[in-house]
Amino acid sequence: MPRFAVRQSSRLDLTFHAGLALLGQCFEAALVEPLIDAKIPVPQGMKTSDLVKSTTALLALCQSDFEAIEPFRNDRFFKRALGLAKVPSSAWLRQRLDAVAAELREATDELSLRLLERT
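Remember, it's a predicted structure, so these values are computed and weren't measured experimentally.

Draft legend 1. Molecular detail of the layout of surface pockets. Size it by volume and the second largest pocket reaches roughly 360 Å³. In this structure, the second largest pocket is lined by 16 residues; those nearest its centre are Phe-27, Val-52, Thr-56, Thr-108 and Leu-111. Elements with a minimum of two residues in the lining of the second largest pocket: helix H1 (20-29), helix H2 (32-39), helix H3 (48-60) and helix H5 (90-118). Classifying every residue of the lining of the second largest pocket by side-chain character gives 12 nonpolar, 4 polar and no charged.

Following this line, the structure appears as structure tokens:
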């Protein structure tokens, strides 16, 4: 996961969701990828951890609608800050989260404890 350096530059790169860089570091501290992908593996396609990180980022931005992911699909900062291999479409996000909801509930408690212990 990249660490972002804040420095003065002549190039203007503003984003309203810069706080996601901190959220990405929280994902790293809680070891989201190893836990989620081990508990809910997929044989091919998008990793379950990418779905979890994308959804959590939307909630952090006060966006509770699956359709809110669409503007971020081509946003390099969103993808990089969260350490995503790929940003899901709204349909893919909805379908996959519905399919793995029960398993994710169990993992959520463990991730919360991990984050509190490591930060």
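Draft legend 2. Up close: the packing of H2 against H5. Relative orientation of the contacting elements H2 and H5 amounts to 160°, with a least axis distance of 11 Å. What the angle tells us is that H2 and H5 run roughly antiparallel. Every pair of crossing elements has a handedness; the one defined by H2 and H5 is right-handed. Contact with H2, carried on its side by Val-32, Leu-35, Ile-36 and Lys-39, involves Leu-104, Ala-107, Glu-110, Leu-111 and Arg-114 of H5 and no other residues of that element. In terms of residue class, the contact of H2 with H5 is built from 6 nonpolar, no polar and 3 charged.

Draft legend 3. Layout of the side chain of Ser-90. Considering the arrangement of structural elements, one finds Ser-90 in helix H5. The buried category is assigned to Ser-90, whose relative accessible area is 6%. A polar contact is formed between the side chain of Ser-90 and the side chain of Glu-67, at a distance of 3.2 Å. Look past the residues within four positions of Ser-90 in its chain and what remains in contact with it is Phe-66, Glu-67, Ile-69 and Glu-70.

Cut-offs used in this document
- Residues numbered from 1 in each chain as written.
- Predicted model: local features only at pLDDT ≥ 70, side-chain atom pairs only at ≥ 80, totals over all residues.
- Heavy atoms only, no water.
- 1 Å grid on protein atoms, 1.4 Å probe; cavity = no way out; pocket = protein on both sides within 12 Å on 5 of 7 lines; lining within 4 Å.
- Points joined across faces, edges and corners; volume = space filled by probe spheres on them.
- Helix = DSSP H or I, 4+ residues; strand = E, 2+ residues; numbered from the N terminus.
- Nonpolar A, V, L, I, M, F, W, Y, C, P; charged D, E, K, R; others polar.
- Axes fitted to C-alpha atoms, helices over the stretch in contact; angles between N-to-C directions.
- Parallel < 35°, antiparallel > 145°, perpendicular 65-115°, else oblique.
- Left-handed = near helix turned anticlockwise from the far one by under 90°.
- Contact = heavy atoms within 4.5 Å.
- Buried < 20%, exposed > 50% of the residue type's maximum accessible area, 1.4 Å probe, protein only.
- Polar contact = N/O pair within 3.5 Å; in protein donor to acceptor, adjacent residues only side chain to side chain.

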